[in-house]
Amino acid sequence: SQTIHQWPATLVQPVGSPLSLECTVEGTSNPNLYWYRQAAGRGLQLLFYSVGIGQISSEVPQNLSASRPQDRQFILSSKKLLLSDSGFYLCAWRALGQGTDTQYFGPGTRLTVL
Amino acid sequence: EDQVTQSPEALRLQEGESSSLNCSYTVSGLRGLFWYRQDPGKGPEFLFTLYSAGEEKEKERLKATLTKKESFLHITAPKPEDSATYLCAVQTIQAGTALIFGKGTTLSVSS
């Protein structure tokens, strides 16, 4: 079965510091991968998605970036964090099958920028 | 602009008191509607996908239905362990594979 991992689970960082969040998927190959952010009082917002190694699409302009160095690894980064980057970051992978198209989410990373 | 609105924002029920959560959507072309359950501090857990008006799906005490403008998540005889935030999301032709989420309904069931 497929499993999605995210780390770290929680992170507290000062404004202006760099960021690296990692997501890995097990049990599937060449998955579509997604980064979402959930901010207080707002719905989940898609940040980036990737259909393959080195292929990244950005949905919203921001100071975050994403990379996909390996088939089942997706990384979210920032060179300098802002207060507004605080939130719950979720990685998801897309399962495609006969009559189904579903995204499954990881456990998330809680980021607090102080 | 594609939009998803969930109501109510919060719902308190007594154990065994059935009710429904609403998800209304305004989209250019619906490919699918998804329901997720999210417990505090955790990632959303997939519940259902609905693809066409009139479709219904059930899982234990939950039943999801879909019309051309909205979806309902019916909860029959809820238990305290059903307490969670329920999220609705749509996938549209224009947005491709991206999911557009509502803000969720937080359900509290007391014994």
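The structure presented is a predicted model; accordingly, all values stated were derived computationally and were not measured.

1. Remarks on the side chain of Thr85(B)
All names here are of chain B.
Consideration 1: When you line up the elements, Thr-85 lands in strand S9 (residues 84-92).
Consideration 2: Using a relative accessible area of 18% as the deciding quantity, one classes Thr-85 as buried.
Consideration 3: A distance of 3.0 Å separates polar atoms of two side chains, one belonging to Thr-85 and the other to Thr-106.
Consideration 4: In contact with Thr-85, not counting residues within four places along its chain, are Tyr-36, Arg-37, Gln-38, Gly-104, Thr-105 and Thr-106.

2. Things to note about the sheet that holds strand S7 (residues 62-66) of chain B
Residue and element names in this part refer to chain B.
Consideration 1: Taken in spatial order, the five strands of this open sheet run S1-S3-S8-S7-S6, and their pairing is antiparallel. Two strands bound the open sheet, and with one partner strand each, they are strand S1 (3-7) and strand S6 (56-59). Taken pair by pair, the neighbouring strands of this sheet meet at an average axis angle of 15 degrees, ignoring direction.
Consideration 2: Across five bridges, the pairing between S1 and strand S3 (residues 19-26) is antiparallel. Note on S3: the bridge partner recorded for Val-4 is Tyr-25.

3. Some remarks on the state of the cysteines
Residue and element names in this part refer to chain A.
Consideration 1: Going through the model one piece at a time under the given rule, you end up with two disulfides over all chains.
Consideration 2: One disulfide in the model links Cys-23 with Cys-91; its S-S distance is 2.0 Å. Note on the Cys-23 and Cys-91 pair: the S-S dihedral is about -70 degrees, so by sign convention the disulfide is left-handed. Residue Cys-23 is found in strand S3 (residues 19-26), and its partner Cys-91 is found in strand S9 (residues 87-97); the two are separated by 68 residues along the sequence. The same class applies to Cys-23 and to Cys-91, which are both buried.

Rules used throughout
- Residues numbered from 1 in each chain as written.
- Chains lettered and ligands numbered in written order.
- Predicted model: local features only at pLDDT ≥ 70, side-chain atom pairs only at ≥ 80, totals over all residues.
- Heavy atoms only, no water.
- Helix = DSSP H or I, 4+ residues; strand = E, 2+ residues; numbered from the N terminus.
- Buried < 20%, exposed > 50% of the residue type's maximum accessible area, 1.4 Å probe, protein only.
- Polar contact = N/O pair within 3.5 Å; in protein donor to acceptor, adjacent residues only side chain to side chain.
- Contact = heavy atoms within 4.5 Å.
- Pairing = 2+ DSSP bridges.
- Axes fitted to C-alpha atoms, helices over the stretch in contact; angles between N-to-C directions.
- Disulfide = S-S within 2.5 Å.

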